[in-house]
Amino acid sequence: MSEDLRTIYKGRLLAVKDLPTLPTALQEVSRLLELPNTTTDQVAKVISFDQVLAAKVLKMVNSPIYGFPGRIGTVKHALVLLGFNVIRGLIISTSVYDDMNRAMRGLWDHSVGCSLACGELARALGMKDPEEYAVAGLLHDLGKVVSALQLPEAKARVDAVVQEQDLPYIDAETQVLGFGHDRINAWLAEHWNLPPAIREGMAFHHKPMSARIYPQMACVVHVGNFMARLFEYGSGGDDNVPQLSPHALKLLGMNQSALEALLDTLCEKFADAGELGFA
């Protein structure tokens, strides 16, 4: 791919203005904000089930306007700093997918599954701020959403290649665009001033050992993505379960029995999310 074409694609992707979301979380946040005794925890929990709402909140709080660029990595912390009035404005300005609703639902569910897996894995390993790992998992496929919105003709070609050649989605993206959603994630995370650890989780979840500063975060998202795929929780755009990097498991200090125990725990977490109506 020519550098000129890559620059054009990058410009179109970063020009995204309004990322639409699915109605479930949007309606629930709106309902909560109308109640007099709603807590920050309640609103944060709902937003943490929606990759677009979470991305918008984190993009806003990490903008230079608020004075915390690259420093706020959890939805709860963001809500404390922004306040409910700002969140009301953000909700009003968020549109809902219509025609794409059905097609994008699987991706939302997969992102929630990856988020739950990352949070659970981080807690099991005794990581500091497990919610930040969950956020990185929630946003790990955001590049696919932005690509679908900003490059719809390319999205159609990628879907066709996946079907015709039975390729992993990222390989089909690379064939059509010359890069995958991991590169789009890196561009978005940098453009939006997201915290460096979340940037690396988003950008290197397919190649976790390439992460330069926060390989632990990238490895957690890599394993979380694998587990969500293994359970067929939602859809990442193809039917393939990605190969699990043994180097990532080694870096995290995990063995086969630890992985199996975590998978058992996740069964319950996924069932709970389904009962809440967000997956």
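Here the structure is shown first, and the text comes after it.
Residues numbered from 1 in each chain as written. Predicted model: local features only at pLDDT ≥ 70, side-chain atom pairs only at ≥ 80, totals over all residues. Heavy atoms only, no water.

1. Some points on the environment of Met227
Within the secondary structure layout, Met227 lies in helix α14 (residues 215-230). Under the relative-accessibility criterion, Met227 is labelled buried at 0%. Placed 15 residues apart in sequence, Met227 and Pro242 show a C-alpha to C-alpha distance of 9.5 Å. Discounting chain neighbours no more than four positions away, the residues touching Met227 are Ala117, Leu259, Leu262, Leu263 and Leu266. (Helix = DSSP H or I, 4+ residues; strand = E, 2+ residues; numbered from the N terminus. Buried < 20%, exposed > 50% of the residue type's maximum accessible area, 1.4 Å probe, protein only. Contact = heavy atoms within 4.5 Å.)

2. Observations concerning the side chain of Thr38
With respect to the helices and strands, Thr38 occurs in the loop between α2 (23-34) and α3 (40-47). A residue is classified by how much of its surface remains accessible, and Thr38, at 14% relative accessible area, is buried. Within polar-contact distance, the side chain of Thr38 engages the backbone oxygen of Leu32 at 2.5 Å. Non-local contacts of Thr38, meaning those with residues more than four positions away in its chain, are made with Leu32, Val43 and Phe84. (Polar contact = N/O pair within 3.5 Å; in protein donor to acceptor, adjacent residues only side chain to side chain.)

3. Digging into unusual backbone geometry
Positive phi, close to 50°, is recorded for Asp166, a residue that is not glycine. With respect to the helices and strands, Asp166 occurs in the loop between α10 (152-165) and α11 (169-177). Even without being glycine, Glu232 reaches a positive phi, approximately 55°. Topologically, Glu232 is positioned in the loop between α14 and α15 (246-252). A relative accessible area of 67% means that Glu232 is categorised as exposed.

4. Focus on a negative patch on the surface
Among the surface-exposed residues, Glu260, Asp264, Glu268 and Asp272 lie close enough to one another that they form a single negatively charged patch. Inspection of the secondary structure puts Glu268 in helix α16 (residues 256-276). (Patch = residues over 30% accessible without salt bridge, like charges linked within 9 Å, V, L, I, M, F, W, Y side chains within 5 Å. Areas by Shrake-Rupley, 256 points an atom, 1.4 Å probe, with all protein chains shown as cover. Salt bridge = Lys/Arg side-chain N within 4 Å of Asp/Glu carboxyl O. Lys, Arg positive; Asp, Glu negative; His and termini not counted. Charge placed at Lys NZ, Arg CZ, Asp CG, Glu CD.)

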